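# Report on the structure
Residues per chain, in single letters:
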Amino acid sequence: MTEQFDDSDILIRTSKLTKLFLASKFGILDRLTGVKPLYVRAVDGVNINIKRRSTVVLVGESGSGKTTMGRLLVTIEKPTSGEIFYGDLPLSKNFKAVREQVQIVYQNPFESLDPRMDISAIVEEPLLGKKISKEERKERVKQSLESVGLDYSYVYFRKAKDLSGGQRQRVALARAIISNPKFIVLDEPTSALDASIQSQVLNLLVDIKEKFGYTYLVITHNMMVTKYIADEVYVMYAGKIIETGSVDIIMKSPKHPYTQLLLKSIPSLENRKLEPMVGEPPSLINPPSGCRFNPRCPYAFDRCRMEEPELKEVESGHWVACHLY
Ligand SMILES: Nc1ncnc2c1ncn2[C@@H]1O[C@H](COP(=O)(O)OP(=O)(O)O)[C@@H](O)[C@H]1O
Ligand SMILES: [Mg+2]
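Before going into details, it helps to say that this report is about the structure given with it. Note that the structure is predicted; figures quoted are calculated from it, not measured.

## Examining the nonpolar core
Formed by 81 residues in total, the largest nonpolar core has its most connected members in Leu 58, Ala 174, Leu 217 and Val 235. In terms of residue count, helix 9 (residues 165-177) provides more of this core than any other element does, 6 residues in total. Apart from the residues within four sequence positions on either side, Leu 58 is in contact with Lys 66, Met 69, Leu 217, Ile 219, Tyr 234 and Met 236.

Okay, structure coming up:
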């Protein structure tokens, strides 16, 4: 079973992946009185392909369903419907093997690391319950910490509170890689860090990926991070993928008005004015009818308010869900 996970060119693929959360507590009284439950459509029919050893970036504003998507891919959340394939097999057929080969690193290393634990114990945690000798454990903790550029003898006995933000994010990474995963979800890996540290951590991510052959899903709201690290880009809006293509295509010829607006938030030589996006992402409980972006779209016309656009291939490898095309 694991072999299939090893062989095919596409490491992970999703088909109509959907996750609904109950919007509020729904009790027996509600059921008896005929109240209909309300759902948050966090991930709504998403198809993505992640090639082995590639970096796929999922980009979009806060509240668009990115973290939920990442948690689904690393089996922390269970899909409401749809399917995730690892290699050629659906998750249900190789759950145990997949669980061992996926990891997630969360946005905020201040919250995700237990402040009372020694760094060495934090990093060792994924190995608990495995039949590994004490010496080997120690050796692997040391190797993991050194792989992420930390000095073992300096950090191993310290606590998370004794370290800087960048060092803590490195510890979180060391913990993620100690079990030799194939696939790592990095959820906003640099957004809690100072600007000067961000590029160091991005460089480190690229280095260890090359060294160990990882496949990444990087989640971000930041187009600069996307441009720096992505091979393929998926733009997510209100639970849906609205545009996808290679990083070159998305940076040079974005077609969806939302992607174009996201790109305007990158400072550059030609574009010195930052243009913050107007309006807010819609409620995922009762999303707008038609195109979910229509209330904020400068080009919306009647059809956009009535009919939801499907993802269509507008040029080779470039897919857009927009009635303009
Ligand atoms: N466990 C949960 N229970 C209820 N709603 C949730 C839960 N997790 C996420 N949501 C909701 O799902 C939506 C998408 O959230 P999230 O995946 O965190 O988006 P993003 O990472 O893009 O900010 C939000 O409206 C959020 O409130
Ligand atoms: Mg998030």
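## With respect to the sheet that holds strand 9 (residues 215-220)
The strand order 7-8-9-4-10-11-13-12 describes an open sheet built from 8 strands, whose pairing is mixed. With one partner strand each, in any of the chains shown, strand 7 (102-105) and strand 12 (312-315) form the two edges of the open sheet. Adjacent strand axes in the sheet meet at a mean angle of 20 degrees, parallel and antiparallel pairs treated alike. Summarising the sheet, strand 8 (residues 183-187) and strand 9 pair through 5 bridges and their orientation is parallel. Each bridged residue has a counterpart across the sheet, and for Asp 187 the counterpart in strand 9 is Ile 219.

## Quick word on helix 10 (residues 195-212)
Between its first and last C-alpha, helix 10 extends 26 Å over 18 residues, near the 26 Å set by a 1.5 Å rise per residue. Considered for burial, the residues of helix 10 that qualify are Gln 198, Val 201, Leu 205 and Ile 208. Looking down the long axis of helix 10, one finds its buried residues gathered within 100 degrees of arc, a one-sided arrangement. Exposed residues on helix 10 whose side chains face more than 90 degrees from its buried face are Ser 196, Glu 210 and Lys 211. Buried residues along helix 10 sit in contact with helix 7 (134-147), helix 9, strand 8 and helix 11 (223-229). Just downstream of helix 10 lies Gly 213, where phi reads positive at about 70 degrees.

Definitions and cut-offs
- Residues numbered from 1 in each chain as written.
- Chains lettered and ligands numbered in written order.
- Predicted model: local features only at pLDDT ≥ 70, side-chain atom pairs only at ≥ 80, totals over all residues.
- Core = buried A, V, L, I, M, F, W, Y, C linked by C-beta atoms within 7 Å.
- Buried ≥ 20, exposed ≤ 12 C-beta atoms within 10 Å, placed from the backbone.
- Helix = DSSP H or I, 4+ residues; strand = E, 2+ residues; numbered from the N terminus.
- Contact = placed C-beta atoms within 7 Å.
- Pairing = 2+ DSSP bridges.
- Axes fitted to C-alpha atoms, helices over the stretch in contact; angles between N-to-C directions.
- Expected span 1.5 Å × (residues − 1).
- Arc of directions from axis to C-beta.

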